[in-house]
Amino acid sequence: MTNTHRFEIDKWQVVRAYQLVKANKGAAGIDKQSMSDFEKDLKNNLYKIWNRMSSGCYFPPAVKAVAIPKKSGGERILGIPTIQDRIAQMVAKLSFEPLVEPYFLNDSYGYRPNRSAIDAVGVTRKRCWYQDWVLEFDIKGLFDNISHELLMKAVRKHTDCKWLLLYIERWLKAPMVKDEHEVIERNMGTPQGGVISPVLANLFLHYVFDKWMHKNHSGVKWCRYADDGLVHCNSEEQAHKMRAELEKRFKDCGLEMHPTKTKIVYCKDGTRKGQYENTAFDFLGYTFRPRLCRNRHTQGTFISFTPAVSKDAQKGMIKKIRMLAIRKRVDLSLEQIAKWINPIINGWINYYGSFCRSELYRVFCQINKALIWWARHKYKKLQRRKTRAGQFMEKIAKTHRHLFAHWRIGMRGSMV
């Protein structure tokens, strides 16, 4: 019997890819097939993916275009692949990422194993102590404007694996379907939402920015998380020069610096001389600005340029609390509500509580207000008594401090 498989792809890698895609969850693609639908014939469906990829006849289906609102206004288009295509992309990612990861530089933090946004925030905090100027830049529509020619040149630099080259190119060219009718052909970009897109975008910027900085400005410190980046400078003059050079570099590679999100920031600690247009910047959900801090040793105070959760991030968390509609869940006990929302609260505390945790108290107050409203809906004797409902919940918070995640780290003031 003739072997029709052109490529050697491990079947167990397909199984591993399925497990990872399932763990990531995610919406259905254009075929409307959910993970539970896919799993009704799991063994056969996984075999089909493996067989088609191994034989070279896997052709990615179109990507579903979904518009989501941006925090800064406007919309961002996400490309949602089908379940089968996400698994196929994960198979490729498992083979391709280990080939490029060792070449990425230490100051690149986005979409990388064993690196996080908090790592990037932490290193930025320290660098702002030593250098007084920051060029904050954002790349406009990165995922939509990546040159396929330049990207594939970078991909070929790291692998000659025929099946990886074949399928990466097919994924780049897969069309996008909007509203189930409008088909958008693609000759540039990689869909934001695809499994393999982040590592491809990282590889592209590795050569466009990271390596370029290392070669041309080896003494300048920088930090990049996906398309958001910071360059630390010793003077305003140096910052303006870096901005001009980067604008040209990005333009040469088919990219554009965002005109309003890119700015030069004065970030000096302590005594400041003169007035400056920008003395704060937002990075990865944190606002960096001068803050009054307490010295642990002397108990005195000093001004430090340091990060805390941004107002936009706070608004997003408060919006999430309202969307949960906790007050309406009178079918649940308080213990059940805690079990339901604690993973969400813990996530916020672990990320936004890493620096200046006290800035999260505004969010904690909103959670407490939602719990008080729940108590007023749950118990008739508290319906018309807001103060008593607050006292009731405050008493529970003191006697059952470990019930809710934000109660465990303490509260300021009264719930009432």
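Going by the structure above, here's the rest.
Below is a summary of the structure that appears in this document.

Across its full length, the chain holds 15 helices and eleven strands. The C-alpha extent of the chain, read off along each of the three principal axes, is 80 × 60 × 40 Å. The buried share of the chain, taken over its 416 residues, is 48%. Partitioning the contacts of the chain with sequence separation of at least 6, the portion at a separation of at least 24 is 68%. For the chain, the exposed surface amounts to about 22700 Å²; the carbon and sulfur share of it is 49%. Side chains of the chain carry 73 positive and 40 negative charges; the gap between the two charge centres is 10 Å.

Attention now moves to the environment of Val183. Looking at the element boundaries, Val183 is found in strand S5 (residues 182-184). For Val183, a relative accessible area of 48% gives the class partly exposed. Considered as a pair, Val183 and Ala65 are 118 residues apart in the sequence and their alpha carbons are 9.6 Å apart. Setting aside anything within four residues of it in sequence, one finds Val183 in contact with Pro175, Met176 and Val177.

Now for the pairing of strand S1 (residues 63-69). Judged from the three bridges that link them, S1 and strand S4 (residues 176-178) form a sheet pairing that is parallel. Each residue of the ladder has a partner; that of Ala65, found in S4, is Lys178.

Turning our eyes to something else, we now look at unusual backbone geometry. One non-glycine residue, Lys25, lies in the positive phi region at around 60 degrees. Take Lys25: it is sitting in the loop between helix H1 (11-24) and helix H2 (35-38). Its identity is not glycine, yet Ala325 carries a phi of approximately 50 degrees, on the positive side.

The subject of this paragraph is the side chain of Arg170. Note that Arg170 resides in helix H8 (residues 162-173). The buried charged residue Arg170 lacks any salt bridge partner; its closest oppositely charged side chain belongs to Glu169, at an N-O distance of 8.3 Å. Discounting chain neighbours no more than four positions away, the residues touching Arg170 are Gly56, Cys57, Tyr58, Phe59 and Pro60.

For helix H9 (residues 197-216), spanning 20 residues, the distance from its first C-alpha to its last is 27 Å, which sits close to the expected 28 Å at 1.5 Å a residue. Where burial is concerned, most of H9 is hidden: 15 out of the 20 residues are buried.

Counting 65 residues, the largest nonpolar core has Met53, Ile87, Val231 and Leu246 as its most contacted members. The element that contributes the greatest number of residues to this core is H9, accounting for ten residues. For Ile87, the residues in contact, after removing those within four places along its chain, are Val14, Ala17, Tyr18, Val21, Phe38, Leu46 and Ile49. Of all hydrophobic cores here, the second largest spans 57 residues; its members include Ala120, Tyr225, Phe364 and Ala375.

Once that is clear, we can look at the side chain of Thr262. Along the polypeptide, Thr262 turns up in the loop between helix H10 (236-252) and strand S8 (263-266). Residue contacts for Thr262: discarding those within four places in its chain leaves Leu135, Glu136, Phe137, Asp138, Arg243 and Met257.

Another aspect to go through is the environment of Phe364. Mapped onto the elements, Phe364 comes out in helix H13 (residues 361-378). Taking the relative accessible area as the measure of exposure, Phe364 reaches 3% and is therefore buried. Along the primary structure Phe364 and Lys386 are separated by 22 residues, whereas in three dimensions their C-alpha atoms are 18 Å apart. Not counting chain neighbours up to four residues away, the residues in contact with Phe364 comprise Ile349, His406 and Ile409.

Thresholds, definitions, all that
Residues numbered from 1 in each chain as written. Predicted model: local features only at pLDDT ≥ 70, side-chain atom pairs only at ≥ 80, totals over all residues. Heavy atoms only, no water. Helix = DSSP H or I, 4+ residues; strand = E, 2+ residues; numbered from the N terminus. Buried < 20%, exposed > 50% of the residue type's maximum accessible area, 1.4 Å probe, protein only. Contact = heavy atoms within 4.5 Å. Areas by Shrake-Rupley, 256 points an atom, 1.4 Å probe, with all protein chains shown as cover. Lys, Arg positive; Asp, Glu negative; His and termini not counted. Charge placed at Lys NZ, Arg CZ, Asp CG, Glu CD. Pairing = 2+ DSSP bridges. Salt bridge = Lys/Arg side-chain N within 4 Å of Asp/Glu carboxyl O. Expected span 1.5 Å × (residues − 1). Core = buried A, V, L, I, M, F, W, Y, C linked by side-chain atoms within 4.5 Å.

Function-wise, these values are silent; they only describe arrangement.
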